[in-house]
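# Overview (structure and organization)
These are the residues of each chain, in order.
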Amino acid sequence: MSGLERTVTVRHSYIPDEATIAEVDRIFHGLIAEDKAPAYVYGIFDRHGLLHCGHGGSVPRPDHGAQTAGANHSNRMDALDSTGAVDAGDATDGGGADGATVALNEHTRFRIASMSKSFAAAAVMQLAWQGLVDLHAPASGYVPELRRVQPYREDSFPITVHDLLAMSCGLATDDAWADRQESISRDELRSLLAQRLRSIYAPGERYEYSNIGYAAVGELIRNVSGMDVPDYVRTHLLEPLGLHETTYDWREVSPSALVCGYHFDPETKTWAAEPFADPGAFSVIGGVISSVHDVAAWDAWLARGFEDEPSTDDEVLPKRYRHLMQMPHTPMPPVLRSGSSRGWLTKRDFNEIEAYGYGLIIKHDERFGDIAYHSDGYPGYGSNMRWHLDSGLGVVVLANGRYATPSVLAIRVLSLLLEEASRKELVAGWSFPLWAETREAQRRVNAMLGGLVEDAATAGADGHAGERGGECANDHADARDTADEHAIAADAADAETCARAIASLSDILAMNVTMDWTFEERGAQLARLLKDTGLPVSNVPAASTNDNDKVKGDEAVEKADGGADYLVSDRLTSAHCTTSLTTVHLTATDEHADSPAQLSWTVPCERHPLRCTIQLNSLEHPQVQTLEFARADAPRTDDIVTVTPGTRILR
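The rules behind the values
- Residues numbered from 1 in each chain as written.
- Predicted model: local features only at pLDDT ≥ 70, side-chain atom pairs only at ≥ 80, totals over all residues.
- Heavy atoms only, no water.
- Helix = DSSP H or I, 4+ residues; strand = E, 2+ residues; numbered from the N terminus.
- Buried < 20%, exposed > 50% of the residue type's maximum accessible area, 1.4 Å probe, protein only.
- Contact = heavy atoms within 4.5 Å.
- Areas by Shrake-Rupley, 256 points an atom, 1.4 Å probe, with all protein chains shown as cover.
- Pairing = 2+ DSSP bridges.
- Salt bridge = Lys/Arg side-chain N within 4 Å of Asp/Glu carboxyl O.
- Polar contact = N/O pair within 3.5 Å; in protein donor to acceptor, adjacent residues only side chain to side chain.
- Arc of directions from axis to C-beta.
- Core = buried A, V, L, I, M, F, W, Y, C linked by side-chain atoms within 4.5 Å.
- Phe/Tyr/Trp six-rings, centres within 6.5 Å; stacked < 30°, edge-to-face > 60°.
- Lys NZ or Arg CZ within 6 Å of the ring centre and 35° of its normal.
- Expected span 1.5 Å × (residues − 1).

## Thoughts on the overall build of the chain
When its secondary structure is counted, the chain shows 17 helices and 22 strands. Here the chain, with 651 residues, has 53% of them falling under the buried criterion. At a minimum sequence separation of 6, the contacts of the chain that also span at least 24 residues come to 70%. Accessible surface for the chain amounts to roughly 28,800 Å². Of this, 50% is attributable to carbon and sulfur atoms.

## Remarks on the pairing of strand β12 (residues 369-378)
Among the ten residues in β12, seven count as buried, and that is most of the element. Pairing geometry for strand β11 (residues 361-365) and β12, over five bridges, is antiparallel. Within the sheet, the bridge partner assigned to Asp 365 lies in β12 and is Gly 369. Connecting the antiparallel pair β11 and β12 is a turn made up of three residues.

## Brief notes about the pattern of salt bridges
Oppositely charged side chains are able to pair whenever their charged atoms sit close together. One pass over the full model with this rule turns up 27 salt bridges. Here Glu 34 and Lys 36 are joined by a salt bridge, their closest N and O atoms 3.8 Å apart. Per residue, the accessibility class of Glu 34 equals that of Lys 36, and both read buried. Between Asp 590 and Arg 611 there is a salt bridge; the shortest N-O distance is 3.5 Å. Here Asp 590 is found in strand β18 (residues 578-592), whereas its partner Arg 611 is found in strand β20 (residues 610-616), with 21 residues between them in sequence.

## Some thoughts on the side chain of His 374
Positionally, His 374 belongs in strand β12. On the basis of relative accessible area, His 374 is assigned to the buried category, the value being 2%. Here the side chain of His 374 touches Tyr 356 through a polar contact of 2.9 Å, side chain to side chain. In this view, His 374 contacts Ser 114, Met 115, Lys 117, Tyr 209, Tyr 356, Gly 359, Leu 360, Ile 361, Asn 384 and Met 385; residues no more than four positions away in its chain are not counted.

## Observations regarding helix α7 (residues 186-194)
Residues of α7 that are buried: Leu 189, Leu 192 and Leu 193. Projection of α7 onto a plane perpendicular to its axis shows the buried side chains occupying an angular sector of 95°, all on one side. The inward-facing, buried residues of α7 abut α6 (175-178) and α8 (211-225).

## A closer look at the nonpolar core
Membership of the largest hydrophobic core comes to 100 residues, with the highest contact counts inside it found for Val 124, Leu 165 and Ile 221. Of all the elements, helix α4 (residues 117-129) adds the most residues to this core, at nine residues. Other than its neighbours up to four places away in sequence, Val 124 contacts Val 133, Leu 135, Val 161, Leu 165, Val 217, Leu 220 and Ile 221. The next biggest cluster of nonpolar side chains, apart from the first, holds 40 residues, and it includes Phe 432, Val 445, Cys 498 and Cys 605.

## Details of the packing of aromatic side chains
What describes a pair of aromatic rings is the distance from one ring centre to the other and the angle between the planes of the rings. Considering all chains together, one arrives at ten aromatic pairs under this definition. Here the aromatic rings of Phe 28 and Tyr 40 are separated by 6.4 Å at their centres, their planes lie at 45°, and the arrangement is tilted. One end of the pair, Phe 28, is in helix α1 (residues 18-28); the other, Tyr 40, is in strand β1 (residues 39-46), with twelve residues separating them in the sequence. Pair check on accessibility: Phe 28 and Tyr 40 agree, each one buried. These aromatic residues form a ring-pair network of at least three members: Phe 28, Tyr 40 and Tyr 42. The positively charged end of Lys 117 is found above the aromatic ring belonging to Tyr 214, 5.9 Å away from the centroid. Above the plane of the ring of Tyr 373 lies Arg 386, whose end atom (NZ or CZ) is 4.3 Å from the centre.

## Focus on helix α10 (residues 292-303)
One turn of the α-helix equals 3.6 residues, which is why residues spaced by three or four share an orientation. With twelve residues, α10 extends 16 Å between its outermost C-alpha atoms, agreeing within 8% with the 16 Å of an ideal straight helix rising 1.5 Å per residue. A large share of α10 lies buried, amounting to ten of its twelve residues. Inspection of α10 places Val 292, Asp 294, Val 295, Ala 296, Trp 298, Asp 299, Ala 300, Trp 301, Leu 302 and Ala 303 among the buried residues, and these make up the whole buried set.

## Comments concerning the environment of Thr 533
Residue position: Thr 533 is located in helix α17 (residues 519-533). On a C-alpha basis, the gap between Thr 533 and Arg 607 in space is 4.9 Å, while along the polypeptide they are 74 residues apart. Excluding anything up to four places from it in sequence, Thr 533 contacts Cys 605, Glu 606, Arg 607, His 608, Pro 609 and Arg 631.

See the structure below:
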């Protein structure tokens, strides 16, 4: 099988322009300028795949004197053009003139180190989907050696599969040690696990980045599936998804496409090559070799877990399990990120909350919503992949410097892309369609407000008809003028009239509405508010004598800008005749929803705009539990203001 064929038409909602790409290039060139890596390749992608690929620096082929990589470092740094980008004459798709340099493009292979953990987590999700693994069962049921772990307290809960995946198993952070264990045999791993491993806290209590915990995940995969991790991942994930540039064994990659890892010697100002580690029992924690092309495709597949449309992607792993990988499970403490090789620390540019999911980290950004990511630091390599959950827009950068720190740069790049896309209204913190009941409740509320305009117009027209001695008036223009004069009188909407209007919504209101405030109290509140704002503004079209043009009942007309025109048919009756005077047009603007069950919008009034808010409950037939009106331009007086990312209502 050559990979699943997607039947949907590829349509990228956002493609960065040349100016944005130039800025992205400038940002990532910091890896070269600050001696963090000899070379890098980055990609911009969305749920449909790779949008753009760029690169910088150069690196010898592993079979062409890789150990002397630092020799041309100063020459490389001199090869900057006016934009700050590296002259790629020796790093084009065809490599250097002598074939001694690796071609840098989306197909170039790097070790992706800890980003490998998402493959292990997806493998466990498959086994859970098949009913072979219980995520909340003790992990010792699948890895017997874990029975010997020393509990932090005598009454501690046992380590579960969830704890291993979510970095909450209670074992200590072990990056420096674990990074040198990749090539050990399975017997050696089992011997390590069989020791009385010591806990630093009880399972599930807090976050701690445990690589040996993920090595135990690899042992779980072997014991349950009967396959080594590289074989399982290749057979059940890579091949079905068409990720043919991904492997756990560097020896399977052509030297012309493989980037060697390096560390920089600050004394000699040269790069020294790191030896490749052969695959072993610890490869599950960080042994994957891949390309920007494949990592972007892998991330896009994970991101498509948030699409509503059915897809052949689900044949590999259903959306709900990909969701589960990208959900926050274990809160992580805030940190300062190192943003420079000179040792400067940079605070985060904005408030954010992070938690470990399953093989991924989930960050809540107050501007853009949730972002999934994972970093990679390894002897000879440093990378980062991250994407916006709601839109799928993301970036991946692979670099070949020891513990290179591209995370800060990737954060800046993704923020730049999301800011650009947000200005074009192409991304939001959360996009969703409203419930039909929410939209219907909005229609009813606007019809109720339109009824108040109708009542004012009726009162004015009746007075006008009396003055004319009950004669039937056919001069519609004069009647409309009179109705308009009376409609702007705010005191026409008295408390009793407003109470009756709100009571007309009784069939859609939850029982708490009148317990919170009676209809009489709500009517008095609305009357006072309308005395300040004036009645809603009605757009009165010319009357038509054609019955086919008359509006029958109430209807809402969707507008392209996200608002809606609400029409209320108004007919006035006197003792002598019935005259069709007006059709009240109420326009709803500035719609905002926090969820499919909540909506607020603005209705223009004579003096100040009116803000309407409804919140429905989750019953089978949802009811309006919150009904609020306020001046839209009034200053906020809330004791607590919740800051949430923007949302987008899907039509």
